[in-house]
Amino acid sequence: MRALVYHGPGDIGVEDRPDPQPGPGEVLLKITATGICGSDLHGYTGENKRRHPGQIMGHETVGRIAAAGPGGPADLRPGQVATVNPVIGCGECAQCAAGTEQLCARRRVIGVNQEIDSAFAELMIAPARNVVVLPDSVPEEYGALVEPLSVGYHAAVTGGVGPDDVVLVIGGGPIGQAAALAARRLGARQLVVSEPSAARRALVRRLGLAAIDPGDGDLPGQVRASVGGPATVVLDAVGLSRTLSDGLAASALGARIVLVGMGAREITLPAFEISTFERAVLGSFTYRSAEFRETAQWVASRPGGLEHLIDDRVGLDAAPDAFARLASGAAQASKILVFPHGRRTPEAGE
Ligand SMILES: NC(=O)c1ccc[n+]([C@@H]2O[C@H](COP(=O)([O-])OP(=O)(O)OC[C@H]3O[C@@H](n4cnc5c(N)ncnc54)[C@H](O)[C@@H]3O)[C@@H](O)[C@H]2O)c1
Ligand SMILES: [Zn+2]
Ligand SMILES: [Zn+2]
């Protein structure tokens, strides 16, 4: 098979690798499309030390089941369109039993752990229990959006977003977009996204959501003007000292602030804004397996707007250039998808 292999900072290229074979409880997928995630990009630039030379990255993926090893569930059949939950729990601990694999101390993540060959390749192996089948009626490439959309959904669920809430999403990148779409889906009464990039604010508005520019200053005032009051839930999809303090300043007493953005390893905590006003700061990482499946079902229902979340589609040979373009800061409003078997139009399938 052909695969995109990470060689080192700024260096990624297409190589031939042996075709993988599914073992017991595993499924072989022929990859249709895989999204380039911010974390792949930070791995590529060397900013994030969690990617290693020789590694095949890629965790936002959709493909067709090509074969299933022995011992897997009987309902997985060759030809089915499927996405993959990349969070692999140990399958033995209490967290895995509860479906909270993201809290499994021995969790591994497809596309992150270097020993797992992942989805920027023509073929990939996944544990059968992580494979989620999608109906043929859904444009196949939407399956690659399930993973980032699940990250946003888990953040909104962690914040307890419901019909009484006024939600501020900080950051309008793919994760902020996903968090905002999830907050709307959970019935948020009011919703606004803060994002400095004009292209991304325009995308947020195309999704039917309100957007403000933090560069205009007085974020609390802008939030009040947009949604009629301070936020009861803040979904911080950036994760910097600046965005946490913005979120605290623009939120109500007793608000929940969800830290899903991972912009900096350490940030400053305005302690009295938390203690005195009984705000809660909550961490959010990936998703529960049920949330991934619920998001896949939502995507399968073809909600309007998903077509705006894909900016560009490239084949494997053009993928190194796409990484270089993204790393150079070339503005992209949302996702670039890599099609290892060549570019496909949404309905083409195989
Ligand atoms: N917790 C998780 O499970 C998880 C999963 C995936 C990604 N992430 C993290 O989420 C974050 C966002 O991911 P992404 O793919 O959307 O990244 P991204 O870089 O594409 O988007 C971040 C956006 O934040 C905007 N921004 C910068 N400063 C801002 C400010 N002061 N106020 C408002 N917006 C501001 C940027 O213009 C950009 O559009 C990253 O830190 C990523 O590592 C977390
Ligand atoms: Zn990702
Ligand atoms: Zn476990």
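Right, let's walk through the structure included here. Everything numeric in this text was worked out from a predicted model, so none of it was measured.

**What to know about the site of ligand 1**
Taken together, 21 residues lie around ligand 1, and Glu195, Arg200, Met262, Ser284 and Thr286 are the ones closest in. Between ligand 1 and Ile175, the relevant distance is 3.0 Å, taken from an oxygen atom to a main-chain nitrogen or oxygen of the residue. Within the backbone of Gly263, an N or O atom sits 3.4 Å from an oxygen atom of ligand 1. Calculation on ligand 1 without its partners gives an accessible area of 870 Å², and the protein chains cover 78% of this total. Here the shell around ligand 1 is composed, by residue class, of 11 nonpolar, eight polar and two charged.

**A closer look at the pattern of salt bridges**
In total, this model carries 17 salt bridges according to the counting rule given. With a shortest N-O distance of 2.7 Å, Arg2 and Asp317 are connected by a salt bridge. With Arg2 in strand S1 (residues 2-8) and Asp317 in the loop between strand S16 (310-315) and helix H10 (319-327), the pair connects residues that are 315 residues apart, well separated along the chain. Given a relative accessible area of 27%, Arg2 falls into the partly exposed group. You can call Asp317 exposed: its relative accessible area is 56%. Linking Arg64 and Glu140 is a salt bridge whose minimum nitrogen-to-oxygen distance equals 2.8 Å. Of this pair, Arg64 sits in strand S4 (residues 60-68) while Glu140 is found in the loop between strand S9 (131-134) and helix H3 (146-158), placing the two residues 76 residues apart along the sequence. For Arg64, a relative accessible area of 17% puts it in the buried group.

**Regarding the side chain of Asp165**
Here Asp165 shows up in the loop between H3 and strand S10 (166-170). With relative accessibility at 7%, the residue Asp165 sits in the buried group. Each residue touching Asp165, except ones within four places of it in the same chain, is listed here: Gly160, Ala188, Arg189, Gln190, Thr232, Val233 and Arg256.

**Some points on the coordination of the zinc ion (ligand 2)**
Summarising the metal site, the zinc ion (ligand 2) is bound by the protein donors Cys37 (SG), His59 (NE2) and Glu60 (OE), whose distances to it range over 2.1 to 2.6 Å. Mapping the donors of the zinc ion (ligand 2) onto the primary sequence yields the spacing C-x21-H-E. With Cys37 in the loop between strand S3 (26-35) and helix H1 (38-45) and His59 in the loop between H1 and S4, the pair connects residues that are 22 residues apart, well separated along the chain. One exposure class covers both Cys37 and His59, and it is buried.

**A look at the coordination of the zinc ion (ligand 3)**
Within the protein, Cys90 (SG), Cys93 (SG), Cys96 (SG) and Cys104 (SG) serve as the donor atoms for the zinc ion (ligand 3), at 2.3 to 2.4 Å. Coordination geometry of the zinc ion (ligand 3): the four donor atoms subtend angles of 105 to 116° at the metal centre, consistent with an arrangement described as tetrahedral. Donor residues binding the zinc ion (ligand 3) come from one chain and are separated in sequence as C-x2-C-x2-C-x7-C. Residue Cys93 is found in the loop between strand S6 (87-88) and helix H2 (94-97), and its partner Cys104 is found in the loop between H2 and strand S7 (108-109); the two are separated by 11 residues along the sequence. What makes Cys104 buried here is its relative accessible area of 4%.

**Structural notes on unusual backbone geometry**
Leave glycine aside and you will find that most residues have negative phi; peptide bonds, for their part, are mostly trans. One non-glycine residue, Asp218, adopts positive backbone phi at about 45°. Within the secondary structure, Asp218 sits in the loop between strand S12 (210-212) and helix H6 (219-227). Under the relative-accessibility criterion, Asp218 is labelled exposed at 53%. Its identity is not glycine, yet Thr286 carries a phi of approximately 40°, on the positive side.

**A word on the packing of H1 against H10**
Relative to each other, H1 and H10 sit at 90°, their axes nearing to 10 Å. What the angle tells us is that H1 and H10 run roughly perpendicular. Contact residues: H1 offers Asp40, Leu41, Tyr44 and Thr45, while H10 offers Pro320, Phe323, Ala324, Leu326 and Ala327. For the contact of H1 with H10, the residue count by class is seven nonpolar, one polar and one charged.

**Focus: the nonpolar core**
By size, the foremost hydrophobic cluster in this structure holds 49 residues, and its most contacted members are Leu149, Val167, Val169, Leu235, Val299 and Leu306. With residues near it in sequence (within four places) discarded, Val299 still touches Val138, Tyr142, Val146, Leu149 and Leu306. In this structure, Met1, Ala121, Ile125 and Leu316 belong to the second largest nonpolar core, which totals 23 residues.

**Observations regarding the sheet that holds S10**
Taking strand neighbours across the sheet as the criterion, the six strands line up as S12-S11-S10-S13-S14-S15 in an open arrangement whose pairing is parallel. Each edge of the open sheet carries a strand with a single partner, namely S12 and strand S15 (280-283). In this sheet, neighbouring strand axes are inclined to one another by 20° on average, regardless of whether the strands run parallel or antiparallel. Judged from the four bridges that link them, S10 and strand S13 (residues 231-236) form a sheet pairing that is parallel. Looking at the pairing, Val167 lines up with Val233 of S13. Here helix H5 (residues 198-206) sits on the sheet and contacts strand S11 (190-194) and S12; the angle it forms with S12, its principal contact strand, is near 160°. On top of the sheet, helix H7 (residues 241-249) reaches S10, S13 and strand S14 (251-259); it is set at about 150° to S14, its chief contact.

The rules behind these values
Residues numbered from 1 in each chain as written. Chains lettered and ligands numbered in written order. Predicted model: local features only at pLDDT ≥ 70, side-chain atom pairs only at ≥ 80, totals over all residues. Heavy atoms only, no water. Near = heavy atom within 4 Å. Polar contact = N/O pair within 3.5 Å; in protein donor to acceptor, adjacent residues only side chain to side chain. Areas by Shrake-Rupley, 256 points an atom, 1.4 Å probe, with all protein chains shown as cover. Nonpolar A, V, L, I, M, F, W, Y, C, P; charged D, E, K, R; others polar. Salt bridge = Lys/Arg side-chain N within 4 Å of Asp/Glu carboxyl O. Helix = DSSP H or I, 4+ residues; strand = E, 2+ residues; numbered from the N terminus. Buried < 20%, exposed > 50% of the residue type's maximum accessible area, 1.4 Å probe, protein only. Contact = heavy atoms within 4.5 Å. Donors = N, O, S within 2.8 Å, 3.2 Å for Na, K, Ca; no water. Tetrahedral: all angles 85-135°; square planar, octahedral: opposite > 155°, others 65-115°. Axes fitted to C-alpha atoms, helices over the stretch in contact; angles between N-to-C directions. Parallel < 35°, antiparallel > 145°, perpendicular 65-115°, else oblique. Core = buried A, V, L, I, M, F, W, Y, C linked by side-chain atoms within 4.5 Å. Pairing = 2+ DSSP bridges.

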